[in-house]
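Notes for the structure review
Given next are the chains, with one letter for each unit.
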Amino acid sequence: MKPFLQVDNLSWHIHNRPLINQLSFELPEKSVTAIVGPNGAGKTSILRCIYGAIKPSSGEIRMQGENIIAIPRRRRAQQIAVVSQHIEHWSHMKVIELIRLGLIPHLNSWQKITCSQHQFVDNIIKKLDIESLKNRYFDNLSGGEQQRVLIAKALVQQPKLLILDEPTNHLDVHYQHQILSLLNQLDVTVLMTVHDLNLASQYCELLLLLKKGELVGFGAPDQVLTQSRVQNTFALPVKMGTNPMTDAKHVFYSWNENAQQEAHKQC
Ligand SMILES: Nc1ncnc2c1ncn2[C@@H]1O[C@H](COP(=O)(O)OP(=O)(O)OP(=O)(O)O)[C@@H](O)[C@H]1O
């Protein structure tokens, strides 16, 4: 079976500094994948290459066999939704109006939103537990509320590929689990960056572990999250275990100056 997303030898250099170095991986359709790795490893840059915000120095990205940069803008907007880390200022826009913008790629000019589209938007608002925010102004919301609104807008877009940069960033533990569980149940291919290895392990089928722009692990969380690999990548002493409630692989961390020096030596 052909992969849904194919990244082939992707590199991005700035002033001869390789920020992404010859990365290759393939994602199956409707899989949920987290890119994990230390600060500055290149996680966001990979997403930006995939959704076309930066031009790679070399390599190719294909979605369903088609070179992603050759897909016409409107079709790309119908097929790819992005929730980036930079929450844009949609000042003086009500939450409901903002979420309805997700329908735009599916409307012809001057076409009105149909009853079933209104219903669809309302269902997504319910799913994300943001009904009480509908008539508030976006720029008056908390970071976590804004995050959930932007995820709702992306879902309204009904993409085939949903890209999210740290979707759990501003969320409390309840909503971290709610959002990742929801993303896990969607019928779309999801690619996101996540800092919390345990959340990624619990809710993602695949992990891409990145260090200094290079892929140091790719596969199921069980295979990628080994003690030595996590320790070497994050320069932090770790022990592996299992989450007794979910059976997912669980990473335990500690902070100890001596142990940290040991971890650094291994890098
Ligand atoms: N436009 C740019 N010009 C120069 N350097 C850049 C640019 N964008 C990113 N970088 C550098 O590329 C590296 C990777 O950045 P990126 O944001 O992809 O990392 P990240 O893994 O997402 O980090 P974090 O976990 O901190 O969000 C960093 O060292 C960053 O400073």
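Cut-off values and rules
Residues numbered from 1 in each chain as written. Predicted model: local features only at pLDDT ≥ 70, side-chain atom pairs only at ≥ 80, totals over all residues. Domains from an automatic or database assignment. Contact = placed C-beta atoms within 7 Å. Helix = DSSP H or I, 4+ residues; strand = E, 2+ residues; numbered from the N terminus. Buried ≥ 20, exposed ≤ 12 C-beta atoms within 10 Å, placed from the backbone. Pairing = 2+ DSSP bridges. Axes fitted to C-alpha atoms, helices over the stretch in contact; angles between N-to-C directions.

Going by what an unreviewed UniProt entry lists, the protein is known as ABC transporter ATP-binding protein and is assigned to Catenovulum sediminis.

1. Remarks on the domain arrangement of the protein
Interfaces are frequently sized by the accessible area removed from exposure as the parts join. Domain boundaries assigned for the protein yield domain 1 (5–220) and domain 2 (226–267). On a C-alpha basis, the centres of domain 1 and domain 2 stand 28 Å from each other. If you look at the interface, domain 1 gives 10 residues, while domain 2 gives 10 residues. Among the elements of the structure, α7 (197–203), β9 (206–211) and β10 (214–219) are those that each provide at least two residues to the side of domain 1 that touches domain 2. A total of four residues in the side of domain 1 that touches domain 2 trace back to one element, the largest contributor, which is α7.

2. Digging into unusual backbone geometry
A positive phi is found at glutamine 158, a non-glycine position, where the angle reads about 50°. Take glutamine 158: it is sitting in the loop between α5 (143–156) and β7 (161–165). The exposure class of glutamine 158 is partly exposed, given the 18 C-beta atoms found within 10 Å. In the Ramachandran plot, lysine 212 falls in the positive-phi region, its phi being about 45° despite a non-glycine side chain. One can find lysine 212 in the loop between β9 and β10.

3. Some thoughts on the sheet that holds strand β8 (residues 189–193)
One open sheet accounts for six strands, arranged β6-β7-β8-β3-β9-β10; its pairing is mixed. In this open sheet, the two strands that pair with only one neighbour each are β6 (80–83) and β10. Shown here is a sheet whose adjacent strand axes are inclined to one another by a mean of 15°, direction ignored. Two strands pair when backbone bridges link them, and β7 and β8 are joined in this way by five bridges, in the parallel orientation. When the bridges of β8 are listed, aspartate 165 appears paired with threonine 193.

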